[in-house]
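Below are the chains, spelled out letter by letter.
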Amino acid sequence: FPVIDNDELAKIQTLEARQGFPKTVTRHGLYPVAGGAAALRRRLDELCQEALQAVEHGTQFLVLSDRDTSADLAPIPSLLMIAAVHHFLIRRERRLQVSLIAEAGDVREVHHVALLIGYGASAVNPYLAMETCEELVRRGLLTSVSAHQAVRNLISALGSGVLKIMSKMGISTVGSYTGAQTFEAVGLDQALIDEFFTGTVSKLGGVGLEVLERENAARHALAYQLDPSAVAHEHLPEGG
């Protein structure tokens, strides 16, 4: 099943490097937000090199995480992070030696999971969405299920949604869908696609890494206000 909970991810992260057990490495995709697009690109390059080094040392599971953000460190969008490492390892002829796992706080719906798997992730851990379900139960906004069952329902819905997308395309296994890139890009610059989403069709062109970083920095600024008490009563913007 392509969507995993925190316990399943923890099992993978704590596998021991001994005979019969794969070796797991976790890398965090965070960059100094004050550095702008240059800092984002530098961290992506570092992540790719760290991934290559890990694979050359026998790593079989590579967890790419956006946890541990701070006022100074912003998370790299999980799709950009996964796709960058995926294509870098393909170019270095090391991709088949490791499985990529996304520990992603920005996954909220089926399409997000489908994109991550389509661009190289073998499994996705939407930790923030699961914590949100638990919080809804604790606050009494969900009353018909327990916190545990709410999380299981979310995982089932996300995973089943991806399987439905696959079945409509005639793809029968998650392994066949992983890295298949059955998408067309709308609104992305060709240079960005060639570097990070190599092979994706794009007929219109659009924004580059600089604009993506500005949008990411704006979301980060909303999360880390200078005076949090001033906006504590406000709802999160829905976006879209």
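Look up: the structure comes first, before these words.
As the structure is a computational prediction, the values presented were derived from the model and not from experiment. (Residues numbered from 1 in each chain as written. Predicted model: local features only at pLDDT ≥ 70, side-chain atom pairs only at ≥ 80, totals over all residues. Heavy atoms only, no water.)

Draft legend 1. Geometry of the packing of aromatic side chains. Overall, the coordinates contain two aromatic pairs when judged by the stated rule. Their ring planes at 20° and their centres at 5.9 Å tell us that tyrosine 119 and phenylalanine 183 sit as a pair that is stacked. With tyrosine 119 in the loop between helix 4 (110–118) and strand 6 (121–125) and phenylalanine 183 in the loop between helix 7 (174–177) and strand 7 (187–188), this pair connects stretches of sequence that are 64 residues apart. By the burial criterion, tyrosine 119 is buried, and phenylalanine 183 matches it. Centroid distance tyrosine 119 to phenylalanine 197: 5.4 Å. Interplanar angle 85°. Geometry classified as edge-to-face. With tyrosine 119 in the loop between helix 4 and strand 6 and phenylalanine 197 in the loop between helix 8 (190–196) and strand 8 (206–207), this residue pair connects regions lying 78 residues apart in the sequence. Note on tyrosine 119: relative accessible area 3%, which makes it buried. (Phe/Tyr/Trp six-rings, centres within 6.5 Å; stacked < 30°, edge-to-face > 60°. Helix = DSSP H or I, 4+ residues; strand = E, 2+ residues; numbered from the N terminus. Buried < 20%, exposed > 50% of the residue type's maximum accessible area, 1.4 Å probe, protein only.)

Draft legend 2. Broad picture of the pattern of salt bridges. Per the counting criterion, the structure on display carries eight salt bridges. A salt bridge links glutamate 46 to arginine 43, with the shortest nitrogen-to-oxygen separation between them at 3.2 Å. Of the two residues, glutamate 46 and arginine 43 both sit in helix 2 (residues 36–56), three residues apart, roughly one turn of that helix. For the salt bridge of arginine 43 with glutamate 50, the shortest nitrogen-to-oxygen distance reads 3.0 Å. For arginine 43, a relative accessible area of 12% gives the class buried. Connected through salt bridges with shared partners, the residues Arg27, Arg43, Glu46 and Glu50 form a single ionic network. (Salt bridge = Lys/Arg side-chain N within 4 Å of Asp/Glu carboxyl O.)

Draft legend 3. Here's a closer look at the environment of glycine 179. Along the chain, the position of glycine 179 falls in the loop between helix 7 and strand 7. For the pair formed by glycine 179 and alanine 34, sequence separation is 145 residues and the distance between their alpha carbons is 32 Å. Glycine 179 has contacts with His86, Ile117, Gly118, Tyr119 and Gly120, leaving out every residue within four places of it along the chain. (Contact = heavy atoms within 4.5 Å.)

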